[in-house]
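Summary of structural features
If you want the building blocks of each chain, they are given just below.
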There are 4 protein chains.
Amino acid sequence: MATRANSVAHPTLVEGLHNRWHPDIPAFATVKPGEVFNIQCVDWTGAQIGNNDNSDDIKNVDLTKIHNLSGPIAVEGAEPGDCLVVDILDVRPFDKMPWGYTGIFELENGGGLFAREFNSRAAKAIWDFKGVYATSRHIPGVRFAGVSHPGLIGTAPSAELLATWNAREGALIAAHADAVPPVAYGPIEKGAYVGQDGIGEEVRRKIYREGARTVPGREHGGNCDIKNLSRGSRCYFPVFIKGANLSVGDLHFSQGDGELSFCGAIEMAGIITFSTSIIKGGVEKFALKQPIFLPSPIDPLYSSKLIFEGISVDYHGDGKQYNMDATVAYKQAALNAIAYLMKIGYTREQAYLLLSAAPVESHVGAVVDSPNACVTLALPLGIFEHDILPKEEGLTKLDFGQCAIRSDGVV
Amino acid sequence: MATRANSVAHPTLVEGLHNRWHPDIPAFATVKPGEVFNIQCVDWTGAQIGNNDNSDDIKNVDLTKIHNLSGPIAVEGAEPGDCLVVDILDVRPFDKMPWGYTGIFELENGGGLFAREFNSRAAKAIWDFKGVYATSRHIPGVRFAGVSHPGLIGTAPSAELLATWNAREGALIAAHADAVPPVAYGPIEKGAYVGQDGIGEEVRRKIYREGARTVPGREHGGNCDIKNLSRGSRCYFPVFIKGANLSVGDLHFSQGDGELSFCGAIEMAGIITFSTSIIKGGVEKFALKQPIFLPSPIDPLYSSKLIFEGISVDYHGDGKQYNMDATVAYKQAALNAIAYLMKIGYTREQAYLLLSAAPVESHVGAVVDSPNACVTLALPLGIFEHDILPKEEGLTKLDFGQCAIRSDGVV
Amino acid sequence: MATRANSVAHPTLVEGLHNRWHPDIPAFATVKPGEVFNIQCVDWTGAQIGNNDNSDDIKNVDLTKIHNLSGPIAVEGAEPGDCLVVDILDVRPFDKMPWGYTGIFELENGGGLFAREFNSRAAKAIWDFKGVYATSRHIPGVRFAGVSHPGLIGTAPSAELLATWNAREGALIAAHADAVPPVAYGPIEKGAYVGQDGIGEEVRRKIYREGARTVPGREHGGNCDIKNLSRGSRCYFPVFIKGANLSVGDLHFSQGDGELSFCGAIEMAGIITFSTSIIKGGVEKFALKQPIFLPSPIDPLYSSKLIFEGISVDYHGDGKQYNMDATVAYKQAALNAIAYLMKIGYTREQAYLLLSAAPVESHVGAVVDSPNACVTLALPLGIFEHDILPKEEGLTKLDFGQCAIRSDGVV
Amino acid sequence: MATRANSVAHPTLVEGLHNRWHPDIPAFATVKPGEVFNIQCVDWTGAQIGNNDNSDDIKNVDLTKIHNLSGPIAVEGAEPGDCLVVDILDVRPFDKMPWGYTGIFELENGGGLFAREFNSRAAKAIWDFKGVYATSRHIPGVRFAGVSHPGLIGTAPSAELLATWNAREGALIAAHADAVPPVAYGPIEKGAYVGQDGIGEEVRRKIYREGARTVPGREHGGNCDIKNLSRGSRCYFPVFIKGANLSVGDLHFSQGDGELSFCGAIEMAGIITFSTSIIKGGVEKFALKQPIFLPSPIDPLYSSKLIFEGISVDYHGDGKQYNMDATVAYKQAALNAIAYLMKIGYTREQAYLLLSAAPVESHVGAVVDSPNACVTLALPLGIFEHDILPKEEGLTKLDFGQCAIRSDGVV
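Residues numbered from 1 in each chain as written. Chains lettered and ligands numbered in written order. Predicted model: local features only at pLDDT ≥ 70, side-chain atom pairs only at ≥ 80, totals over all residues.

So, about the overall build of chain A. Broken down by element type, chain A carries seven helices and 22 strands. Whereas a compact globule of 411 residues would reach a radius of gyration of roughly 22 Å, chain A reaches 21 Å, a difference of no more than 12%. Counting only C-alpha atoms and orienting by the principal axes, one finds that chain A spans roughly 65 × 65 × 45 Å. Taking all 411 residues of chain A together, the buried fraction comes to 64%. (Helix = DSSP H or I, 4+ residues; strand = E, 2+ residues; numbered from the N terminus. Rg over C-alpha atoms; globule rule 2.2 N^0.38 Å. Buried ≥ 20, exposed ≤ 12 C-beta atoms within 10 Å, placed from the backbone.)

What follows is about the relation of the copies chain B and chain A. Overlaying chain B with chain A gives an RMSD of 0.0 Å, the required rotation being 180° about an axis along which the chain moves by 0.0 Å. Such a combination of turn and shift is consistent with a two-fold rotation axis. Among all C-alpha atoms of chain B, that of B:His363 lies closest to the rotation axis, at 2.2 Å. An overlap of 99% is found between the interface residues of chain B and their copies at the interface of chain A, pointing to a shared contact surface. (Least-squares fit on C-alpha atoms with pLDDT ≥ 70 in both. Contact = placed C-beta atoms within 7 Å.)

With that out of the way, let us pick up the interface of chain B and chain A. Many analyses report the size of an interface as the accessible area lost when the parts associate. Taken residue by residue, the interface counts 80 residues in chain B and 80 residues in chain A. A breakdown of the residues in the side of chain B that touches chain A according to their chemical character gives 42 nonpolar, 22 polar and 16 charged. Inspection of the sheet shows strand E18 (residues 292-294) of chain A paired to strand E19 (residues 305-311) of chain B by two bridges, in the antiparallel sense. In the sheet register, A:Ile292 faces E19(B), and the bridge partner there is B:Phe308. (Nonpolar A, V, L, I, M, F, W, Y, C, P; charged D, E, K, R; others polar. Pairing = 2+ DSSP bridges.)

Quick look at the interface of chain D and chain A now. Listed as interface residues are six residues of chain D and, on the opposing side, six residues of chain A. The residue inventory of the side of chain D that touches chain A, partitioned by class, reads two nonpolar, three polar and one charged.

All names here are of chain A. In the contact formed by helix H6 (residues 326-343) and helix H7 (residues 348-357), the axes pass within 9 Å of each other and the chain directions differ by 125°. Between H6 and H7, the angle is such that the two are oblique. Handedness of the H6/H7 crossing: right-handed. Contacts between H6 and H7 involve Ala-334, Ala-337, Ile-338, Leu-341 and Met-342 on the former and, on the latter, Arg-348, Ala-351, Tyr-352, Leu-354 and Leu-355. For the contact of H6 with H7, the class distribution of residues is nine nonpolar, no polar and one charged. (Axes fitted to C-alpha atoms, helices over the stretch in contact; angles between N-to-C directions. Parallel < 35°, antiparallel > 145°, perpendicular 65-115°, else oblique. Left-handed = near helix turned anticlockwise from the far one by under 90°.)

Superposition of chain D onto chain A requires a rotation of 180° combined with a translation of 0.0 Å along the rotation axis, giving an RMSD of 0.0 Å. Both copies present the same face, since 100% of the interface residues in chain D are matched by interface residues at the equivalent positions in chain A.

Okay, unusual backbone geometry next. Backbone torsion omega between B:Ser370 and B:Pro371 reads 5°, so that peptide bond is classified as cis. The backbone phi angle of B:Phe262 is positive, close to 80°, even though this residue is not glycine. As for its position among the elements, B:Phe262 is in strand E16 (residues 262-267). Judged by local crowding, B:Phe262 falls into the buried class, with 25 C-beta atoms found within 10 Å. Of note in the backbone geometry, C:Glu259 takes a positive phi value of approximately 50° without being a glycine. Checked against the element boundaries, C:Glu259 lands in the loop between strand E15 (246-252) and strand E16 (262-267). C:Glu259 sits in the buried class, given 31 other C-beta atoms within 10 Å.

All names here are of chain A. By domain assignment, chain A separates into domain 1 (12-294) and domain 2 (305-405). Taken residue by residue, the interface counts 33 residues in domain 1 and 26 residues in domain 2. Going through the elements one at a time, strand E7 (99-104), strand E8 (123-130) and strand E16 (262-267) are the ones with two or more residues in the side of domain 1 that touches domain 2. Broken down by element, the residue count for the side of domain 1 that touches domain 2 peaks at five residues, all from E8. Looking at the side of domain 1 that touches domain 2, its residues break down into 15 nonpolar, eleven polar and seven charged. (Domains from an automatic or database assignment.)

Attention now goes to the nonpolar core. Where a protein is soluble and globular, its nonpolar side chains tend to be buried together. Of all hydrophobic cores here, the largest spans 522 residues; its most connected members are A:Leu84, B:Leu84, C:Leu84 and D:Leu84. Apart from residues lying up to four places away in sequence, B:Leu84 is in contact with B:Val75, B:Ala78, B:Thr155, B:Phe237, B:Val239, B:Ala244, B:Leu246, B:Thr276 and B:Ile278. (Core = buried A, V, L, I, M, F, W, Y, C linked by C-beta atoms within 7 Å.)

Here we come to helix H3 (residues 159-175) of chain A. In a regular helix each residue adds 1.5 Å, so 17 residues correspond to 24 Å; H3(A) covers 25 Å between its end C-alpha atoms and thus fits that length. Buried residues belonging to H3(A) abut helix H4 (201-210) and strand E12 (217-218) of chain A together with strand E20 (313-314) and strand E21 (320-321) of chain B. (Expected span 1.5 Å × (residues − 1).)

Predicted confidence across chain A gives a mean pLDDT of 95, with 100% of residues reaching 70 or more. Predicted complex metrics record ipTM = 0.96 and pTM = 0.97. (pLDDT = per-residue confidence, 0-100.)

Right, let's talk about the pairing of strand E11 (residues 149-155) of chain B for a bit. All names here are of chain B. Across the seven residues of E11, seven count as buried, placing the element largely inside the fold. The sheet contact formed by E11 and strand E13 (residues 221-222) spans two bridges and is antiparallel. Each residue of the ladder has a partner; that of Gly-154, found in E13, is Gly-221.

Moving on to the pairing of strand E6 (residues 83-93) of chain A. All names here are of chain A. The buried fraction of E6 amounts to eleven of the eleven residues, a majority that puts the element mostly inside the structure. Strand direction decides the pairing type here: E6 and strand E14 (residues 234-238), joined by five bridges, are antiparallel. Residue pairing for E14: Val-85 is matched across the bridge by Tyr-236.

Along the chain, A:Gly16 falls in the loop between strand E1 (12-13) and strand E2 (17-18). For the pair A:Gly16 and A:Phe28, spaced twelve residues apart in the sequence, the C-alpha separation amounts to 6.1 Å.

All names here are of chain A. Looking at where Gly-282 falls in the secondary structure, it is placed in helix H5 (residues 282-285). Counting along the chain gives 45 residues from Gly-282 to Phe-237, while the straight-line C-alpha distance between them is 8.9 Å. Excluding residues within four positions of it along the chain, Gly-282 makes contact with Asp-82, Cys-83, Tyr-236 and Leu-288.

It is worth spelling out the environment of D:Gly81 at this point. All names here are of chain D. Along the chain, Gly-81 turns up in the loop between strand E5 (69-75) and strand E6 (83-93). Assessed through the 15 C-beta atoms surrounding it within 10 Å, Gly-81 is described here as partly exposed. A sequence separation of 171 residues divides Gly-81 from His-252, and the C-alpha atoms of the two residues are 30 Å apart. If near-sequence neighbours (up to four positions away) are discounted, Gly-81 is found in contact with Val-239, Gly-281, Val-283 and Glu-284.

Dropping the structure here:
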């Protein structure tokens with residue numbers, strides 16, 4: 001008979017927040033290989049964004065505090081040079097909080113891929129979670145299944161690796177000292193946080209002073225924002241320090257390839273379920289410079305797609321020819337898709353947010369046909385309530401209103 | 001009863017070769033909307049490469065002659081501003097020629113994505129076509145279904161558009177005058193060819209002098225090398241001149257996203273089957289800056305994949321940090337995959353060719369996490385005869401020999 | 001800012017159990033169209049089966065009590081002739097109870113598709129839920145993503161429809177009075193249950209006396225055990241009485257097409273999330289004799305499969321030729337698969353349970369080639385830890401132990 | 001350089017027609033394992049049906065002549081008990097004959113699944129092949145990619161297996177002596193044919209007298225009409241006589257699961273490409289009672305579907321309850337789909353033909369919920385030019401005319 005005694009929930013290892021990468025951050029908890037466990041995560045901003053209808057919270061967001069990571073979790077037996085296998089068994093919002101958000105940040109506070117082109121002002125969309133689906137009152141007419149994943153997951157760097165990061169990123173920052181938004185974020189004590197009491201002051205200062213910022217993905221994983229690192233996937237991480245010290249955060253209910261608007265995923269707070277195992281010497285065995293992974297069999301499948309092409313010419317702007325730059329090509333493909341979505345009635349902001357949040361696929365077409373890299377962006381047709389295919393009679397333009405904007409009305 | 005009278009083959013509009021884009025190249029044939037027709041195509045080099053076991057023909061290839069395009073085909077009723085809908089109904093090799101090739105070009109003659117990193121010397125793999133599959137005696141251990149497509153397909157540019165191309169690419173060339181291989185190829189009379197007799201000498205000279213080279217993809221389509229523009233897809237092209245003047249060539253039996261090695265697809269000669277229709281004013285109706293398309297329902301489906309990540313750091317080389325460059329990130333992901341394939345026994349050249357030719361998927365992960373763009377490259381597991389998954393005991397290294405190399409043995 | 005005030009969980013309409021279909025069972029709760037709500041469900045036996053290592057509970061299960069359904073839920077505005085659209089938004093186990101079971105029932109108590117052929121004795125497998133995956137200590141070597149769904153969901157019948165059911169099934173029972181197990185189960189007061197207090201005794205007796213048993217699927221849906229009516233699907237039900245009165249139960253974490261062993265799914269207790277809408281006059285609009293549905297975009301995708309064929313000849317037994325009987329053909333395909341699985345080391349009972357529980361696909365091949373119907377059964381290769389493909393050297397037979405059997409050792 | 005010398009087409013082993021299964025039919029050609037070769041096939045009726053607009057040829061078809069098989073092909077080294085691995089590398093129509101047909105046969109001449117229910121009169125649809133797609137002037141509004149396959153493929157039976165077939169089918173025929181159409185077809189000399197000259201008269205008479213008819217699929221494969229045994233699949237056949245003696249025919253451009261109307265596939269003449277290999281003792285190694293196969297990675301993928309349910313109750317007719325009969329359930333699901341298609345404007349005959357020919361998927365839902373088997377039939381939405389989803393406003397009924405019917409106008 002089914003009883004309480006023979007039914008035992010997986011343990012939840014309550015969050016230990018931190019927002020820097022450093023080998024000296026102590027493990028918050030330790031697990032054995034094979035154990036199934038849950039981690040609770042706040043959203044990446046630490047609950048700065050609310051479920052409401054203006055974007056003032058986006059405008060004023062304090063980005064010195066991000067990302068709020070849960071962990072580190074040490075895995076018994078993991079040593080440098082090993083491979084830490086992480087099964088991402090589930091990712092879901094808290095039952096008590098069935099919503100998330102996608103934001104466009106101000107040019108001067110966060111930016112985004114089109115921050116300069118659009119001279120971005122704060123905007124957002126709130127998404128309601130209805131089981132496996134998301135819908136938004138701010139972007140009517142679409143519903144899609146989430147490819148839920150952690151935007152940020154990684155093992156702790158060794159001191160040596162950390163030094164490498166700080167050196168190479170520092171050189172880039174130095175070379176672009178005046179960029180708005182900045183090209184990268186170096187270590188800074190302001191805002192640094194490690195939510196554990198038992199750390200000596202000296203160590204804490206060292207972590208704050210040297211700790212790598214969490215925005216970019218790096219060799220250990222980190223903020224890669226790969227939508228297919230989703231629930232059901234299996235990921236192989238290189239281990240750099242004893243225990244591996246896995247941290248995770250920035251949960252996404254869904255995201256399109258590219259995460260266009262920077263805060264482009266559907267950001268949420270929630271629970272992630274893991275189990276781990278260790279492959280001794282895996283870094284050498286698999287030539288592991290960076291994580292590799294096996295995708296999930298339950299990633300959303302929308303076989304009908306409308307695909308946009310982009311090349312590395314900024315013909316939406318000054319028409320400049322770039323040399324084989326896939327990022328420029330991706331941007332052009334996205335701009336082409338935005339232009340199409342505006343034909344069916346979405347505002348530029350809604351389209352920008354939708355391409356960021358929906359399970360859009362972006363493929364590298366070719367990066368060898370000098371000087372034009374070619375990138376495609378595929379819009380799944382099954383997410384739209386209406387038929388948006390190109391028709392002889394043209395496209396039907398509907399009124400979808402506008403997403404949440406600033407209370408002063410500036411867009 | 002089935003008779004010859006009630007069975008009529010689709011007409012073949014025999015090839016009219018040319019290798020430049022210019023509005024003044026006359027249409028070779030004219031079709032009506034709705035008509036199904038075949039076009040025969042030579043391979044992109046014009047049969048310079050043979051089915052043999054050394055790569056001397058790759059080493060010595062004459063690239064001034066490429067690409068050999070079939071067409072142009074005018075479509076009745078098409079006018080500037082219209083959208084030309086092209087159904088790519090089939091793409092297949094000639095029955096009498098069931099093979100193709102993938103090549104690595106010399107650094108100084110053609111190059112490729114890793115030409116500089118690898119100091120590339122000529123190499124190639126011959127692929128045997130067995131119905132829907134390709135196998136290679138030069139890369140044993142794999143078999144995959146082709147995602148057959150034209151590497152190059154496009155409408156003719158207007159004089160104005162052509163001028164734009166030549167101006168913007170000329171500026172880039174001027175800025176990188178000493179690059180090896182060159183960053184782009186400007187108009188040049190040497191090698192220019194239009195295989196039609198009835199063209200006046202003055203027009204011919206004008207075409208040769210101004211005609212855009214065929215290497216890059218552009219607003220009209222062109223050499224986009226998008227593998228999913230495959231048989232069964234429907235493509236929407238902007239029309240720039242009366243008749244649209246569609247040209248096609250560079251048929252590929254298969255290709256991976258990115259076409260890594262430049263001559264990275266399985267290049268072949270063969271037959272492409274089209275039908276067309278016109279949507280009046282489609283450029284405006286669909287905000288059509290570049291082609292858009294609907295993919296094919298019969299693209300190969302390999303759901304099990306091993307996925308490699310790459311970021312915009314050149315740590316295989318000098319470790320330099322690039323600023324959000326998805327091309328660098330794609331290269332790193334590819335290098336990580338090559339390192340893995342070498343662990344299971346392929347040579348670097350075999351791995352480079354295989355990633356170029358097989359139905360590899362490359363997604364833009366995220367391009368907003370400054371300074372690291374993140375790109376993934378997914379290797380379909382179902383194409384391998386052996387199980388190549390990461391295992392606790394490590395990977396089994398087999399002996400797959402080597403691909404076809406130069407007769408002087410230089411690799 | 002995210003606060004408790006702007007975060008509201010979906011309401012849970014606590015279960016109202018009943019185990020008969022009858023129009024007079026009052027609605028337990030009423031919802032408005034568009035509302036998202038949860039229903040808690042016990043497992044189909046009402047917790048008779050435990051998480052342990054023998055099958056005595058299966059042997060002794062009391063089947064007069066099944067199925068335990070939650071509901072009915074009335075939907076405001078639904079009237080006979082309407083179509084009730086039900087979005088199955090999520091289906092998941094209770095967090096506190098991350099396990100389920102698959103059982104083989106005794107020939108004389110429950111039976112199953114091979115009850116007679118195998119002279120079935122009780123056996124079972126306990127499955128552990130690890131996020132989206134299930135594994136079993138009783139069937140080692142496999143892991144698969146769940147295609148989670150309600151085995152049983154339907155609207156309440158009208159008095160007229162109920163009478164039709166009882167008449168036609170009564171005629172079948174009468175014609176096979178001595179069958180073991182019985183060919184069908186008619187209304188019977190013993191075990192009947194409606195868990196609501198405010199029902200008058202006369203009505204209650206009427207329900208118990210006339211109420212249709214829950215085993216078969218019927219025009220209203222019911223116990224169809226369609227695995228693809230899964231989380232993410234949208235189902236269109238005919239409405240027979242005012243309010244529609246939707247009931248649901250028999251949640252499955254996973255199931256193979258056919259549900260081979262009768263208790264063949266991974267049976268679980270848990271939570272199902274719905275929203276509903278009404279299409280007035282939908283029965284006539286859509287010629288709705290039975291439910292129709294749109295499948296989910298997140299059903300597990302395992303593209304590599306090994307497929308077994310079966311024809312309507314019982315050559316595993318007496319070799320008799322049946323006339324176009326797809327059920328016989330399905331059984332043969334399943335027997336062929338069981339024989340194959342036994343070659344790789346599973347016992348007959350393990351194989352029988354595995355084919356029942358895993359996301360096996362069974363297609364009707366052809367039912368027109370007299371006298372042999374042909375049915376296929378596809379085993380997804382991605383669920384096995386080992387490579388089970390046919391190999392020149394034959395199959396490797398491993399030792400997978402045995403599933404849970406009776407404490408007296410009888411198999 | 002590509003030359004004629006280094007380009008060699010695969011050989012075509014010209015057809016050797018026969019229309020019976022018998023171990024004494026000599027091999028027409030012999031191949032070595034690994035060889036790639038083509039087989040030409042006439043359509044199953046031997047070109048009795050024409051590309052025209054009435055169905056008189058269907059009405060008058062001579063079914064004593066079917067199926068016209070090409071072969072047998074002996075494979076060097078194959079012996080009884082071995083497994084013959086057949087790679088179906090390609091299946092395509094003759095270039096000179098880009099069309100096929102789907103037919104509804106008269107009740108008294110061929111029948112079909114609904115022959116009695118519909119009192120079937122001859123009807124047909126001609127399909128035009130446009131590369132990978134089929135369209136029909138007789139069923140406008142749809143276009144789909146073909147899942148091209150041989151309806152009939154098998155190894156030759158041993159004398160013993162042949163005797164088993166004739167005995168068990170003879171018993172069934174005897175038990176249903178008066179059935180219209182007959183429940184099965186026994187050996188009969190009339191119409192028997194083996195197109196090889198060098199066979200002695202005595203042997204020929206023996207073959208004609210004993211040879212099994214080709215309609216049903218059996219343990220050797222045969223007329224299984226499994227749509228997924230398509231180009232790109234790999235099939236494992238049991239070998240019963242020396243050489244295996246593979247025969248093939250009844251090529252289908254496309255077919256739905258079930259092949260509803262008997263001549264329900266898109267029947268065509270064309271070319272099939274094979275390679276073979278042998279696994280010694282494979283019957284024992286793989287417990288091979290019947291063929292098993294690996295499906296193709298290029299089977300058409302239409303992820304959006306509308307799914308109809310059916311149960312084993314004949315309520316469209318007499319309302320009788322059947323006992324767990326999946327064939328009845330399949331028929332109900334098909335009738336439900338036909339009723340839906342008639343709501344959007346197709347005639348009953350068009351709908352019947354369309355469900356037969358299009359890549360419809362039919363799954364066995366459950367066959368354990370006594371007394372109702374449940375079968376589903378999934379209509380791919382992507383094959384329709386119009387949106388056919390259930391909508392609040394109901395379905396739009398268009399005028400699609402009628403398919404080809406008898407010249408006397410009888411439907």
